[in-house]
Amino acid sequence: MDDDRYGSDVLSGDWRSRGVQKVRQVPLERDMVLEDPTTGWAGAVVRLEAGNVELEDWKGRTRSFPFSGQFLLEGELVTLGRPQAPVGRRSPAGGAGAGPADGAGPGRRGSAPAVRHASDGGRLRTASGSFAVESQRARVALPSRIMVEGKHDAELVEKVWGADLRVEGVVVEELSGVDNLADVLDDFRPSRDRRVGVLVDHLVPGSKESRFADAVMRGKWGAHVLVVGHPFVDVWQSVKPARVGLQAWPTIPRSIEWKKGICQALGWPAAEQADIARAWQRILGQVRTFADLEPQLLGRVEELIDFVTEPTD
């Protein structure tokens, strides 16, 4: 009789792993933000040495954990695989505003390095997620421009989109405040062949920034200017808070200068402008790719790039 009334052997096969959730393995990366599920310690990866991974929290404190352990990555329990690139102390982030420079390739100056992904057949992707154009010198700058409010905006755009902008020949210039936009446009004199895309902080209904933007778009240069913005008080907020070990950015009273208030809330020095500059470099250093930025900024920058690079023929 072929029928087995008791079914197959329940102990056959890999019965021990049935019902056990498989933990995904991810390659270790510098600046990857991990949390130790046992202690709750969260921080960015700054070193891999002697079988231990060192995490630096938002206060600059470091702690080491066994590389072979399990960690939380954006809420998912993972194990760590061998890094695809050397992991060591972060070099200071920096660089001038984005713009084409002599020389070739992704990752120059303040740009995040391009990375190869096996899922893309080993092709390089830039920090913005685009496929990198390898062995190509930067183009001569286009007459069109992207303008941003200040240095921090320019450095963030450079970090994520710098490689793409050099390929396209797009220069990013600082306005030193949206209040100067009208005067800058009068000097620049936009035209069909000299477009200007403007990225504005805190572009929400009723804000000072929205009034400036509306006036420009209705003005004499409006046909050749595109003003877009994000809702954040400052571009710092466009970096996902998890990148600096926070669940959300602190709320700062209107009576306190916002950046100074952020530093104070995080326990960082804020007495001098140099302290604010160091705080920004600390935040910027946590940005690796577009995935570390909020969508409200990503879409606006891509929109500006499309606007200033659109063929005029």
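Heads up: the structure comes first, above all this text.
We now turn to the structure provided with this report. In this text the structure is predicted, and so the values were computed from the model without any measurement.

## Observations concerning the sheet that holds strand β12 (residues 196–200)
Strand order in the open sheet made by the 4 strands is β11-β10-β12-β13, with parallel pairing throughout. Lying at the two open borders of the sheet, with one neighbouring strand each, are β11 (171–174) and β13 (225–229). The mean angle between the axes of side-by-side strands here comes to 25 degrees, regardless of whether they run parallel or antiparallel. The strands touched by helix α6 (residues 295–309) are β10 (145–148), β12 and β13; relative to β12, the strand with the most contacts, the crossing angle is about 170 degrees.

## Section: the pairing of β10
Residues R145 and M147 point to one face of β10 and I146 and V148 to the other, with burial holding for every one of them. Here β10 runs beside β11; their pairing, made up of 4 bridges, is parallel. Each residue of the ladder has a partner; that of V148, found in β11, is E174. The handedness of the β10 to β11 crossover, carried by helix α1 (residues 151–168), is right-handed. Bridge count between β10 and β12: 4 bridges; the pairing is parallel. Bridged to V148 within β12 is L199.

## Observations concerning the environment of P190
Residue placement: P190 occurs in the loop between α2 (181–188) and β12. Contact partners of P190, with chain neighbours within four places excluded, come to L185, V196, W221, H224 and V225.

## Considerations on the pattern of salt bridges
By the definition in use, this model includes 13 salt bridges. Across the pair E310 and R195 runs a salt bridge whose closest N-O atoms are separated by 3.7 Å. Of this pair, E310 sits in the segment after α6 while R195 sits in the loop between α2 and β12, and the two are 115 residues apart along the sequence. Given the relative accessible area of 10%, R195 is considered buried. Across the pair R243 and D292 runs a salt bridge whose closest N-O atoms are separated by 3.4 Å. Linking R243 in the loop between β13 and α4 (258–266) with D292 in the loop between α5 (273–284) and α6, this pair joins segments that are 49 residues apart in sequence.

## Considering the packing of aromatic side chains
Applying the stated criterion to the full structure yields 3 aromatic pairs. Centre to centre, the rings of F65 and F71 are 6.4 Å apart; their planes meet at 90 degrees, and the pair counts as edge-to-face. F71 matches F65 in its accessibility class, with the two residues each being buried. Joined through ring pairs, the aromatic side chains of W236, W258 and W280 make up one cluster. Here the basic side chain of R194 rests over the ring of F188, its NZ or CZ set 4.0 Å away from the ring centre. Between the NZ or CZ atom of R195 and the centre of the ring of F307, over which it lies, the distance is 5.7 Å.

## A word on the pairing of β12
A large share of β12 lies buried, amounting to 5 of its 5 residues. Residues V196, V198 and V200 line one face of β12 and the alternating positions G197 and L199 line the opposite face, and both faces are buried. In this structure, β12 lies alongside β13, joined through 5 bridges in parallel fashion. Within the sheet, the bridge partner assigned to L199 lies in β13 and is V228. With helix α3 (residues 208–218) bridging β12 and its parallel neighbour β13, the resulting β-α-β unit is right-handed.

Criteria and thresholds
- Residues numbered from 1 in each chain as written.
- Predicted model: local features only at pLDDT ≥ 70, side-chain atom pairs only at ≥ 80, totals over all residues.
- Heavy atoms only, no water.
- Pairing = 2+ DSSP bridges.
- Helix = DSSP H or I, 4+ residues; strand = E, 2+ residues; numbered from the N terminus.
- Axes fitted to C-alpha atoms, helices over the stretch in contact; angles between N-to-C directions.
- Contact = heavy atoms within 4.5 Å.
- Buried < 20%, exposed > 50% of the residue type's maximum accessible area, 1.4 Å probe, protein only.
- Right-handed = clockwise from strand over helix to strand, strands pointing away.
- Salt bridge = Lys/Arg side-chain N within 4 Å of Asp/Glu carboxyl O.
- Phe/Tyr/Trp six-rings, centres within 6.5 Å; stacked < 30°, edge-to-face > 60°.
- Lys NZ or Arg CZ within 6 Å of the ring centre and 35° of its normal.

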